[in-house]
Amino acid sequence: MIKIAIQAGGKDQREMNLSQAEYIIGRDDACDITLKGSKVSRRHGRIYRSADSFLVEDLGSANGILVNKTKLSSPTKLNKGDIVFVGEYKITVLNDSTIEQAKYILVGRSAPCANQTFPLPQGIIDLGRVGSNALAIDHASISRHHARISCNNQVVVLEDNGSSNGTWVNEKRLSAPQELRHGDIIRLGKVQFLFSERLQSESAPTQAYQKPFISFKAIMISCLVVLISIASFAAYHTFFAKKQASQEKLSLYEQALASQIAQAQAFASEEDWSGALNIYKNILTQDPLNPEAKKHVYSLKKFIEARDLLTIGLKLFDEGKVLKAETLLKVIPEGTPYDDALKLLQGNIQTKKELTLQLTSEEVEKQIRDAYPDKQVRIAVDRYRENKLGEAIKHVVKHMQRAGASRLHRTLLKTREYHRSAMTHETNKAYHLAAGSLQSILSLDRELIPLNSQNLFRKDILQQLSNNLLAAGEEAWLSNAYEQAYITWLKGFNAMPTDKRYDEKFRLLENVAKNKLSSISPAKENLQEEDCEILKQVKSFTLPRTFYYRKAASKLGLCKSTALPKSP
């Protein structure tokens, strides 16, 4: 146990005894040690127990932590008399932080821990491959955060943290927290330990003394009183010892439960819905009425259903089965992380229907007859649909006195003007201007011909539009203007969702998003201003159906609207 004194400015100090495995220090009310200072980050640092002592560590705070006026760059052991500066606060260590001899130990039975003894102090002890664990084990079979031990004087509980190679007790893999017994063989991955309870040496010192003369009757009465007192005390002590043991076991259960929930949340943050669901189901087997587990089981089932149905819908869309995809999307549950991707797919389905679902020849002819009653004018329209714009203009000029000819003539001339403009812009590599002219042609085309009719001219214009938007997006990509590249390519994809070249372009942007997100620690909650800017950028140039978009959107919730501190 370590004792500290906390003081801010000239105010009175308060003292605390630290006995648990970890204490988070910060401005947030959820921290174990809350310091309400303007220079204190939300999760500023932590004091935690290592093998035989307490250490202090900075958690990426804006203003850092100083120990004896030296800025912390790595976890540092605390000794009696050390002064720790956290923002405006001074924390003084009042005693030696070395942990007293533990009642329970682990003895290594295989490399790299063979013949080493590890004491198990009271509280939470994390085991894993990385150095932030109380017991760090450098072995390939050990996960980064492999297992956790909850320990007090009455009971020791071991639980797996969702490790790859499992946690085993007497060669049985753990699926739930398990109480350890003296002599149990524990295996983490391929590293083996013996769990043991230390034998406490007992001594009964005696001291010689002179017995005064007491009558036999007095001795008998005294003995009777002593026996009654001992019996009463023993019963009293046994009752409260059992009560205390029960409370300590309950406390350990609550700690194990909190650990499982934290692990489920970690799975959920990586969109491993099934992993999180299994943990919450396991919690319900132990506590069927747990409200948080019940709520998350319902939500996670809905997330899994939405993800699976959306995946099928995207596959049907790519295969050109737009009607089946449209029917499927109607049953996808809403209120999930996939809502944005669902809306985008619905819009693409509508566009693809307009491009691919053709009317019958009789329906097309009827619509064109209704729009152009004169036969000669309809012949000009047919030339236009056959991608013969010049012939269409020449034919309609010969029959300008016919009904509808004048209107058709004006539209065809505008179309030719825009087309010439688009070709000029494309030659000059002004791809955005070319795309603008081609989009104006498509607007005129919708006035001339039904959308669902066979139209080779429209098909050719759409292909030219897609080519120009791909080229414009490529220019933005090469300039690292990722958001502009995304907007341009998305516009092309929406205009021509059958063009498979956009899949490759969006994958390029996903790789950029992956690299940018890797610069933000997964466990980092106290996000800096530059972290939030990265998240906004990733969200701005990735498709809603991607993991990176949803991860950025989720983490953006940790960024407050107020100005965030910049990292030092």
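The present account deals with the structure reproduced in this document.

Rules of the game
- Residues numbered from 1 in each chain as written.
- Predicted model: local features only at pLDDT ≥ 70, side-chain atom pairs only at ≥ 80, totals over all residues.
- Heavy atoms only, no water.
- Helix = DSSP H or I, 4+ residues; strand = E, 2+ residues; numbered from the N terminus.
- Buried < 20%, exposed > 50% of the residue type's maximum accessible area, 1.4 Å probe, protein only.
- Areas by Shrake-Rupley, 256 points an atom, 1.4 Å probe, with all protein chains shown as cover.
- Axes fitted to C-alpha atoms, helices over the stretch in contact; angles between N-to-C directions.
- Parallel < 35°, antiparallel > 145°, perpendicular 65-115°, else oblique.
- Left-handed = near helix turned anticlockwise from the far one by under 90°.
- Contact = heavy atoms within 4.5 Å.
- Nonpolar A, V, L, I, M, F, W, Y, C, P; charged D, E, K, R; others polar.
- Pairing = 2+ DSSP bridges.
- Expected span 1.5 Å × (residues − 1).
- Salt bridge = Lys/Arg side-chain N within 4 Å of Asp/Glu carboxyl O.
- Phe/Tyr/Trp six-rings, centres within 6.5 Å; stacked < 30°, edge-to-face > 60°.
- Lys NZ or Arg CZ within 6 Å of the ring centre and 35° of its normal.

**Description of the overall build of the protein**
- Looking only at helices and strands, one finds 15 helices and 22 strands in the protein.
- Of all 568 residues assigned to the protein, the portion counted as buried reaches 42%.
- With the model as given, the accessible surface of the protein reaches about 31200 Å², and the carbon-plus-sulfur share is 52%.

**Brief notes about the packing of helix α8 (residues 389-398) against helix α9 (residues 405-427)**
- It is at 10 Å that the axes of α8 and α9 come closest, and there the two elements cross at 150°. Classified by the interaxial angle, the pair formed by α8 and α9 is roughly antiparallel. In the crossing of α8 with α9, the sense of the turn from one axis to the other is left-handed. For the pair α8 and α9, the contacting residues are L389, A392, I393, V396 and V397 in the first and A405, L408, H409, L412, L413, T415 and R416 in the second.
- Counted by class, the contact of α8 with α9 contains nine nonpolar, two polar and one charged residues.

**So, the sheet that holds strand β17 (residues 156-160)**
- With mixed pairing, five strands are arranged side by side in an open sheet as β15-β14-β16-β17-β20. For this open sheet the edge positions go to β15 (135-136) and β20 (178-179), each flanked by a neighbour on one side alone.
- Where strand β14 (residues 123-128) lies against β15, two bridges are found, and the strand directions are parallel. Of the residues in β15, the one forming a bridge with L127 is L135.

**Digging into the pairing of strand β10 (residues 83-86)**
- Residues V84 and V86 line the buried face of β10, whereas the alternating positions I83 and F85 sit on a face that is not buried.
- By the bridge criterion, three bridges tie strand β7 (residues 65-67) to β10 in an arrangement that is antiparallel. Its bridge partner lying in β10, I65 is registered against V86.
- What sits between β10 and strand β11 (residues 89-93) in their antiparallel hairpin is a turn of two residues, with G87 showing a positive phi close to 60°.

**Section: helix α10 (residues 431-448)**
- Helix length check: α10 (18 residues) gives 26 Å between terminal C-alpha atoms against 26 Å at 1.5 Å per residue, within 8%.
- Taken as a whole, α10 has its buried residues at Y431, A434, A435, S437, L438, I441, L442, L444, D445 and L448.
- Among the structural elements, α7 (375-385), α9 and α11 (456-478) are those in contact with the buried residues of α10.

**Regarding the environment of D287**
- With respect to the secondary-structure elements, D287 resides in the loop between α2 (273-286) and α3 (291-318).
- Between the C-alpha atoms of D287 and L257, which are 30 residues apart in sequence, the distance is 9.7 Å.

**As for the pattern of salt bridges**
- Scanning the entire structure with this criterion turns up 15 salt bridges.
- Ionic pairing is found between R187 and E171, a salt bridge with its closest N-O pair at 3.1 Å. Highlighted residues: R187 in strand β21 (residues 185-188) and E171 in the loop between β18 (167-169) and β19 (172-173), separated in sequence by 16 residues.
- According to the relative accessible area criterion, R187 is buried, its value standing at 18%.
- Owing to a relative accessible area of 47%, E171 belongs among the partly exposed residues under this scheme.

**Brief notes about the packing of α11 against helix α13 (residues 501-517)**
- Their axes nearest at 11 Å, the elements α11 and α13 cross at an angle of 20°. By the angle between their directions, the pair α11 and α13 is classed as roughly parallel. The crossing of α11 and α13 is left-handed. Every residue of α13 that contacts α11 at Q463, S466, N467, L469, L470, E474 and W477 is listed here: R501, Y502, K505, L508, L509 and V512.
- Residues belonging to the contact of α11 with α13 are distributed by class as follows: seven nonpolar, three polar and three charged.

**What about the sheet that holds strand β6 (residues 54-58)?**
- Across the sheet, which stays open at both edges, the five strands sit in the order β4-β3-β5-β6-β9 with mixed pairing between neighbours. Edge positions in the open sheet fall to β4 (33-34) and β9 (76-77), since each of these has one partner strand only.
- Bridge analysis of β6 against β9 gives two bridges, and the strand direction is antiparallel. By the bridge assignment for β9, L55 is matched with K77.

**Examining the packing of aromatic side chains**
- Summed over the entire model, instances satisfying the criterion amount to ten aromatic pairs.
- Measuring from centroid to centroid gives 5.6 Å for Y482 and F541, while their planes differ by 50°, and the two rings are tilted. Separated by 59 residues along the polypeptide, Y482 in helix α12 (residues 482-495) and F541 in the loop between α14 (529-540) and α15 (547-555) bring together distant segments of the chain. Side by side, Y482 and F541 carry an identical accessibility label, which is buried.
- By way of ring pairs, the aromatic residues Y486, F493, Y502 and F506 are connected into one cluster.
- Note that R187 overlies the ring of W168, its terminal NZ or CZ placed 4.5 Å from the centroid.

**Points about unusual backbone geometry**
- With an omega dihedral of 5°, the bond running from A111 to P112 counts as a cis peptide bond.
- With respect to the helices, strands and loops of the structure, P112 is situated in the loop between β12 (104-108) and β13 (117-120).
- For N387, which is not glycine, the phi dihedral falls at a positive 70°.
- By secondary structure assignment, the location of N387 is in the loop between α7 and α8.
- Classification of N387 as partly exposed rests on a relative accessible area of 35%.
- The backbone of K429 shows a phi angle near 60°, a positive value even though the residue is not glycine.
- When you line up the elements, K429 lands in the loop between α9 and α10.
- Since its relative accessible area comes to 57%, K429 is described here as exposed.

**As for the pairing of β17**
- Burial analysis of β17 places four of its five residues in the buried class, which makes it a mostly covered element.
- Strand direction decides the pairing type here: strand β16 (residues 147-151) and β17, joined by five bridges, are antiparallel. Bridge pairing in β17 places S150 opposite V157.

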